[in-house]
Structures are given as C-alpha cells and as structure tokens.
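# Observations on chain architecture
Here is how the chains run, residue by residue.
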Amino acid sequence: MLTTSRGISLVLALAISTLTVLFLLLLDDATPTLLVVAGSISFSVSYILMNVTLEFLIFNEISNIYGVLEKIQKKDYTSIPDKSDKLSISPLRKINKTINSYAQAKNKEIEALQKNAEFRKEFIADISHELKTPIFAAQGYVHTLLDGAVEDKSVRLKFLKRAAKSLNALDKLVQDMLTLNQMESGVVKFHFESFDLKEVIHEVIEELEHKASKRDMLIRFYYDKEKTYRTFADKEKIFRVCQNLISNSIKYNNDGGEIDVSLKIHKNQITVEVKDNGKGIPPEDLKRIFERFYRVDKSRNREKGGTGLGLAIVKHILEGHKSKISVSSTLGKGSIFSFELPLEKEEAVVSSNKLIK
Ligand SMILES: Nc1ncnc2c1ncn2[C@@H]1O[C@H](COP(=O)(O)OP(=O)(O)O)[C@@H](O)[C@H]1O
Ligand SMILES: [Mg+2]
C-alpha cells in the first residue's frame, strides 16, 4: 500500500495535517472545532495535491517505462500510445520515448544482421552445392583414368574431353558468381556510351546462330531498316543481356523451334523483345527465375550447362540502367522476355554537338 501513489499521499497528508494541528495547539485561543476543521482541510488539500502530483507526473510515467521495457522483453517494438502527451511536462516521458526509439533502432539493426547472416548461410550452401557437381564429375573422370583407363585408347580421349567440359562449366560458374557478386556489392562500374542496339543484337545473333542451327532452330530479327535504334547505355553489358536471353531461348526450346527477336520504338523508349515457342515456364516459377541458381527443371538444366545465374545477372544489369526485365510465358507454348532502353534522338545528338562547338 505504501508503494502506491495513494499510500504515499495518505502518509504525507497525515503528517502535514498533524503538524498543522500541533502548531495550532500552541495558540491560546484555538478551539477544538478550529483544530478539527484546520486538520481536515489541510489533510484533504495536501492529500489531493500529493496524489495528483505523484499519479500524473511520476507513477504514470514510471508505469509507462515499465510497459515499454516489458514490450522490449517480449520483442514487441510498436510504439506505446501517449494518452496524456499534452498534459505531461514530465522529463520521464522523454526517457520513455528515448528508450522506445532506441529499442526500435536496435531491433532494426538486429533484423538486418540476422537477414545478412541467413543470406550468407544460404549463399554458401548454394555455392557449395553448385561447385560440387562439376568438381565431382571432373574428379571422377581423372581418377578413372589414373586407375587404369588411361591405357584403354578407346575411352582415354572421351574421358579427358568430359573432364575438360566439367572444368569449363566450373570456370563459367565461378566467373558468373564473381560478376554477380561484384554487381550486388556495387563494385561494377557502368560505362555508358551511345550505340545502335540493332548492331549489338546482330552481333549476338551471329555468335549464337551456329548453336541454333545445330538444333534446326531459326532466329529471326525484326526491326525497321529506316530507323536507328540509338541508345545511351553500357554496350558490353547490354550485349550480355541479349546474349543471355537469346541463348536461353535456344537452350529451353525444342529442336526445330523458332526465336523471334524484335526492336520496337514507342515514344522515347526502345523495346527489345525475345520470343520463343519452346518449353515455357510454369506460372509458379515465373517470379523466381531471376533468383540466383534458380532453375525450373533442375536436372534438365544442369545437363545443358546452365549456371542458373544468367537471369540474375540480366536483372542486375538492367537495374543499373534504371530499367527492368519483363516476362510472360505459357507452359508448352513459349516465353517472351522484354526490356526497355531510352531512345536517343538523332536531332538531340546533333544539336548538343552544335551547342558544344
Ligand atoms: N526462354 C526460356 N524458356 C523456358 N525456360 C526458361 C527460359 N529462360 C529461362 N528459363 C528458365 O529460367 C531458369 C533461369 O535461367 P538462367 O538464370 O538464365 O539460368 P540457366 O543458367 O539455367 O540458363 C532456367 O534454368 C530455365 O529453367
Ligand atoms: Mg541462362
């Protein structure tokens, strides 16, 4: 009882009224009625004043602080409602607010650290898993050769070629991982320049044509010959984006399939579209194909030598150009991947050159 504001007020009010009565007793003409009236008035006034002061300025605030601390213990960081914000002048309220905002800031920090730790764990598990496949394969062939197969002329070359293929896959994987890592940590610099997109796409198609023709596929490229598709971007990286998209449309297509690449201009944007009539992507996988190492059909893709990093790199490159990759796909019918880059107007280039002169 003594620890509540009422208990303390009661004791203090009793002490004050007793002192008042004792003081009045010293006066000669103090009547008993006067003593009773003075005693009860001083008691009630001091009780009310004490109680209000303690209740509003101290106890309320302390219980609020306890409330905050309890919430922090329960890891509930929502802010405590301030009911008497305007009435209160107590410095304790400031402490209360400071504790709350400090706890919230610390909580955010902890969450970020936990997320990072989780991400790192997952990343290391993914990498180890991905590295294991080509290493085991190469190791297998080399050991079989060492165990005597090297004497057998009919398998010697075959096994060596397979080991080399696995090591090439390993090299590609490590290179892609390095690129992605550099992009995610912001180390990679973009070198923007002005170039014509149709020339870059022609180069990519030339490079991939033989791969497509091996499987009787046709790559068609649609654009308006009268127009230029000049843009301001990182040429090498956009080459890589187109290479990834067109190579996917070959890899995940059926033999004899078709690939249509097109360039379209709409307002101040150039849209690059890569369309295939291949296997397509199930709707539940569509959002995840841009995640690192995500493959729709794990066994099928590893056979084809994919690292599962191509689209993650594409996404990062386009983000670096303030653009994004879009995809629509129908299972069994095919997929369309597209992105936009700004169109650089010829007149703008000419007039800015004139201004510089
Ligand atoms: N044009 C496409 N048609 C069907 N599936 C595709 C296509 N492009 C990408 N995918 C799916 O998305 C996954 C991720 O693609 P990507 O990041 O390029 O990795 P990968 O190295 O396996 O090609 C692929 O493994 C494949 O399952
Ligand atoms: Mg790919």
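Each remark here, short or long, concerns the structure printed above.
This section reports on the structure supplied with the text. Every value quoted in this text rests on a predicted model; they were computed, and no experiment measured them.

Tracing the backbone through its elements, the reader meets Leu-131 in helix α3 (residues 91–146). The class for Leu-131 is partly exposed, based on a relative accessible area of 22%. The spacing of Leu-131 and Leu-173 is 42 residues in sequence and 7.9 Å in space, taken between C-alpha atoms.

Relative to the elements of secondary structure, His-316 occurs in helix α9 (residues 310–320). Note: C-alpha distance between His-316 and Met-183 (133 residues apart in sequence) is 6.8 Å. Residues in contact with His-316, not counting those within four places in the same chain, are Leu-180, Met-183, Glu-184 and Phe-190.

A separate point is the sheet that holds strand β5 (residues 269–276). Read from one edge to the other, the open sheet built from 5 strands follows the order β2-β4-β5-β7-β6, with strand pairing classed as mixed. Across the chains shown, the open sheet's two edge strands, defined by having one partner strand only, are β2 (218–222) and β6 (326–330). When the angles between neighbouring strand axes are averaged without regard to direction, this sheet yields 15°. Relative to the sheet, helix α6 (residues 235–251) contacts β2, β4 (258–266), β5 and β7 (334–342), its axis offset from that of β7 by approximately 170°.

What follows is about the packing of α3 against helix α4 (residues 153–184). The relative placement of two packed helices comes down to the angle between their axes together with the axis-to-axis distance. Closest axis-to-axis distance for the α3/α4 pair is 7 Å, and the angle between their directions is 165°. With respect to α4, the axis of α3 lies roughly antiparallel. The two elements α3 and α4 meet at a crossing, and its hand is left-handed. Contacts between α3 and α4 involve Phe-119, Ile-127, Glu-130, Leu-131, Pro-134, Ile-135, Ala-137, Ala-138, Tyr-141, Val-142, Thr-144 and Leu-145 on the former and, on the latter, Arg-156, Phe-159, Leu-160, Arg-162, Ala-163, Ser-166, Leu-167, Leu-170, Leu-173, Val-174, Met-177 and Glu-184.

Right, let's get into the side chain of Asp-196. Relative to the helices and strands, Asp-196 is located in strand β1 (residues 192–196). Look at Asp-196 and you get buried, because its relative accessible area is 4%. Reaching out from Asp-196, the side chain makes a polar contact with the backbone nitrogen of Tyr-229 at a distance of 3.2 Å. If sequence neighbours within four positions are ignored, Asp-196 has contacts with Thr-228, Tyr-229 and Arg-230.

In this section: the pattern of salt bridges. Under the counting rule described, the total for this entry stands at 13 salt bridges. Between Arg-220 and Asp-260 there is a salt bridge, and its shortest N-O distance comes to 3.0 Å. Note that Arg-220 is positioned in strand β2 and Asp-260 in strand β4, a separation of 40 residues in sequence. Classification of Arg-220 as partly exposed rests on a relative accessible area of 26%. Put simply, Glu-319 and Lys-315 hold a salt bridge, and the shortest N to O gap is 3.9 Å. Of this pair, Glu-319 and Lys-315 are both found in helix α9, 4 residues apart, which corresponds to roughly one turn of the helix. On the basis of relative accessible area, Glu-319 is assigned to the partly exposed category, the value being 43%. For Lys-315, a relative accessible area of 36% puts it in the partly exposed group. Here the salt bridges do not stand alone but share partners, grouping Lys-172, Asp-176 and Arg-240 into one network.

Residues Ile-48, Val-52, Phe-56, Leu-57, Ile-58, Ile-62, Tyr-66 and Leu-69 make up a contiguous nonpolar surface patch of about 710 Å² in total accessible area. Locating Val-52 in the fold gives a position in helix α2 (residues 32–73). Taking the relative accessible area as the measure of exposure, Val-52 reaches 44% and is therefore partly exposed.

Our focus in this paragraph is unusual backbone geometry. Notably, Phe-293 is not glycine yet its phi reads approximately 65°, a positive angle. By secondary structure assignment, the location of Phe-293 is in the loop between α7 (283–286) and α8 (298–303). Phi at Lys-322 is positive, roughly 55°, even though this residue is not glycine. With respect to the secondary-structure elements, Lys-322 resides in the loop between α9 and β6. When its relative accessible area of 80% is taken as the criterion, Lys-322 is described as exposed.

Glancing now at α4. Taking 1.5 Å of rise per residue, 32 residues should cover 46 Å, and α4 covers 47 Å from first to last C-alpha, within 8% of that figure. Of all the positions in α4, only Val-155, Phe-159, Ala-163, Ser-166, Leu-170, Leu-173, Asp-176, Met-177, Thr-179, Leu-180 and Met-183 are classed as buried. Where the residues of α4 are buried, they touch α3, α6 and α9. Taken from the residues just after α4, Gly-186 is the one with a positive phi, measuring 75°.

Here is what the cut-offs are and how they apply
- Residues numbered from 1 in each chain as written.
- Chains lettered and ligands numbered in written order.
- Predicted model: local features only at pLDDT ≥ 70, side-chain atom pairs only at ≥ 80, totals over all residues.
- Heavy atoms only, no water.
- Helix = DSSP H or I, 4+ residues; strand = E, 2+ residues; numbered from the N terminus.
- Buried < 20%, exposed > 50% of the residue type's maximum accessible area, 1.4 Å probe, protein only.
- Contact = heavy atoms within 4.5 Å.
- Pairing = 2+ DSSP bridges.
- Axes fitted to C-alpha atoms, helices over the stretch in contact; angles between N-to-C directions.
- Parallel < 35°, antiparallel > 145°, perpendicular 65-115°, else oblique.
- Left-handed = near helix turned anticlockwise from the far one by under 90°.
- Polar contact = N/O pair within 3.5 Å; in protein donor to acceptor, adjacent residues only side chain to side chain.
- Salt bridge = Lys/Arg side-chain N within 4 Å of Asp/Glu carboxyl O.
- Patch = residues over 30% accessible without salt bridge, like charges linked within 9 Å, V, L, I, M, F, W, Y side chains within 5 Å.
- Areas by Shrake-Rupley, 256 points an atom, 1.4 Å probe, with all protein chains shown as cover.
- Expected span 1.5 Å × (residues − 1).

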